[in-house]
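Chain by chain, the residues:
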Amino acid sequence: MKRWEHYEHTADIGIRGYGDTLEEAFEAVAIALFDVMVNVEKVEKKEVREVEVEGEDLYSLLYNFLEELLILHDTEGLVFRDFEVKIEKTEEGYKLKAKAYGEKLSEKHEPKEEVKAITYHDMEIKQLPNGEWMAQLVPDI
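Presented here is a report on the structure given in the accompanying data block. (Residues numbered from 1 in each chain as written. Predicted model: local features only at pLDDT ≥ 70, side-chain atom pairs only at ≥ 80, totals over all residues. Heavy atoms only, no water.)

### Looking at the nonpolar core
In summary, soluble globular proteins display a tendency toward joint burial of nonpolar side chains. Within the largest apolar cluster, 42 residues are counted, with the highest numbers of intra-cluster contacts made by Phe26, Phe65, Leu66, Leu69 and Phe83. Broken down by secondary-structure element, the contributors of at least two residues to this core are helix H1 (22-37), strand S3 (47-55), helix H2 (58-76), strand S4 (78-89), strand S5 (94-104) and strand S7 (133-137). When residues in this core are grouped by element, the largest group, eleven residues, is from H1. When near neighbours in sequence (up to four residues on either side) are disregarded, phenylalanine 83 contacts Lys2, Glu27, Ala30, Ile31, Phe34, Phe65, Leu69, Lys99, Ala100 and Tyr101. (Core = buried A, V, L, I, M, F, W, Y, C linked by side-chain atoms within 4.5 Å. Buried < 20%, exposed > 50% of the residue type's maximum accessible area, 1.4 Å probe, protein only. Helix = DSSP H or I, 4+ residues; strand = E, 2+ residues; numbered from the N terminus. Contact = heavy atoms within 4.5 Å.)

Here's what the structure looks like:
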């Protein structure tokens, strides 16, 4: 089961996602990212976008995934509330394919902070002792 949270970090907001699988943790941290910007509970699944990224390791994969979502937000004005992520190991590293569900940003989403960029700051991706996966980072706000 995926779940997410924000955590305190000096002047910024950390985002953290959990899941039974690595994919669910990536999905959850993406939801946490958009909840920094808007109230994700108010976002409806009216549109879908497909995203494909690669990374030499899991850190660059997470960075590239969230950056691609931020680009869709900035260029198309979309906000997302749910994701379907598939990750596969390749000879060069990792490949991620995802579907992002959401809609155009409006006042009903109760806009909050503007995320300027994805960063590697405080990035961590690991399997916890209970078997659950966790992914976190601090975006630039």
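Read on for the rest.
### Quick notes on the sheet that holds S5
Strand order in the open sheet formed by three strands is S3-S5-S4, and the pairing between neighbours is antiparallel. If you trace the sheet from one side to the other, it starts and ends with S3 and S4, each paired once. Between one strand and the next, the sheet's axes are offset by a mean angle of 20°, whatever the strand orientation. Across nine bridges, the pairing between S3 and S5 is antiparallel. Note on S5: the bridge partner recorded for valine 53 is leucine 96. Lying on the sheet, H1 is in contact with S4 and S5; it crosses S4 at an angle near 155°. (Pairing = 2+ DSSP bridges. Axes fitted to C-alpha atoms, helices over the stretch in contact; angles between N-to-C directions.)

### Examining the side chain of threonine 119
Locating threonine 119 in the fold gives a position in the loop between S5 and strand S6 (124-127). Within the local environment of threonine 119, its side chain forms a polar contact with the backbone nitrogen of histidine 121, the two atoms lying 3.1 Å apart. A distance of 2.4 Å separates a polar atom in the side chain of threonine 119 from the backbone oxygen of valine 138. Once you skip the residues sitting within four places of it in the chain, threonine 119 turns out to touch Tyr63, Leu137, Val138, Pro139 and Asp140. (Polar contact = N/O pair within 3.5 Å; in protein donor to acceptor, adjacent residues only side chain to side chain.)

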